[in-house]
Amino acid sequence: MCEYCGCQALAAIDELTREHDLVVNLIGEVRAAHQAADADRMAALARRIAEVLGPHTEVEEQGLFPALAGDFPEHVAALQSEHRRVEAVLGAAADGTPADPAWPLDLLDTLEMLREHILKEQDGVFPAALAGLSNEEWEAVDTVRARVGSVRAHSGLL
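What comes next concerns the included structure.

Topic: the pattern of salt bridges
Phase 1 of the analysis: By the definition in use, this model includes eight salt bridges.
Phase 2 of the analysis: Here Arg 18 makes a salt bridge to Asp 14, at a shortest N to O gap of 3.0 Å. With Arg 18 and Asp 14 both in helix H1 (residues 11-35), this residue pair falls four residues apart, about one helical turn.
Phase 3 of the analysis: One salt bridge connects Arg 145 with Glu 19, and the closest N-O pair in it is separated by 2.9 Å. In this pair, Arg 145 sits in helix H5 (residues 135-148) while Glu 19 sits in helix H1, placing the two residues 126 residues apart along the sequence.
Phase 4 of the analysis: Looking at Glu 19, the relative accessible area reads 0%, which means it is buried.
Phase 5 of the analysis: In the salt-bridge network here, residues are joined through shared partners; they are Glu 61, Arg 84 and Glu 87.

Given below as structure tokens:
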């Protein structure tokens, strides 16, 4: 995705970007499963996306967003609201394929919003963080990542 501002030179942003890339690839697989009318596969992929986004969201919300909220409170609040929507729809598949016949389309709609959300982060949040965060704030981001771990380290997904 984004490579123009140099923010991926920072390990914290590089890891978040890799997770975004993985999620975008998984969204493509969800679309293919939907075209094949395979709701079980869609649910399994939703669980994989949730696995990636779990630590990813914690790093953003507990490390990155607090450092940006003072300057961009409405933007950060909107991103957090979008996180909740994604978590709710993905969470519906946590224990298997949802029985709700509307869930596959709700998942597709939510994942489309998630793709837009990713672009907002990569084209707005990450460059703003690169320009505005202090060394101490980056250390706080790194501390959260160390606590929650990496999808790459835990699952081999990246």
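That covers the picture; the talk isn't over yet.
Digging into the nonpolar core
Phase 1 of the analysis: Within the largest apolar cluster, 26 residues are counted, with the highest numbers of intra-cluster contacts made by Ile 49 and Leu 107.
Phase 2 of the analysis: At the level of elements, H1, helix H2 (39-69), helix H3 (73-91) and helix H4 (103-132) are the ones that each hand at least two residues to this core.
Phase 3 of the analysis: With sequence-adjacent residues up to four places away left out, Ile 49 is seen in contact with Val 23, Leu 26, Ile 27, Val 30, Leu 90 and Leu 111.
Phase 4 of the analysis: Membership of the second largest hydrophobic core comes to 18 residues, among which are Leu 64, Phe 65, Phe 126 and Val 148.

Overview of H1
Phase 1 of the analysis: Taking 1.5 Å as the rise per residue, H1 with 25 residues should run 36 Å; its terminal C-alpha atoms sit 37 Å apart, in good agreement.
Phase 2 of the analysis: Ala 37 lies just past H1 and shows a positive phi near 55°.

What counts and how
Residues numbered from 1 in each chain as written. Predicted model: local features only at pLDDT ≥ 70, side-chain atom pairs only at ≥ 80, totals over all residues. Heavy atoms only, no water. Salt bridge = Lys/Arg side-chain N within 4 Å of Asp/Glu carboxyl O. Helix = DSSP H or I, 4+ residues; strand = E, 2+ residues; numbered from the N terminus. Buried < 20%, exposed > 50% of the residue type's maximum accessible area, 1.4 Å probe, protein only. Core = buried A, V, L, I, M, F, W, Y, C linked by side-chain atoms within 4.5 Å. Contact = heavy atoms within 4.5 Å. Expected span 1.5 Å × (residues − 1).

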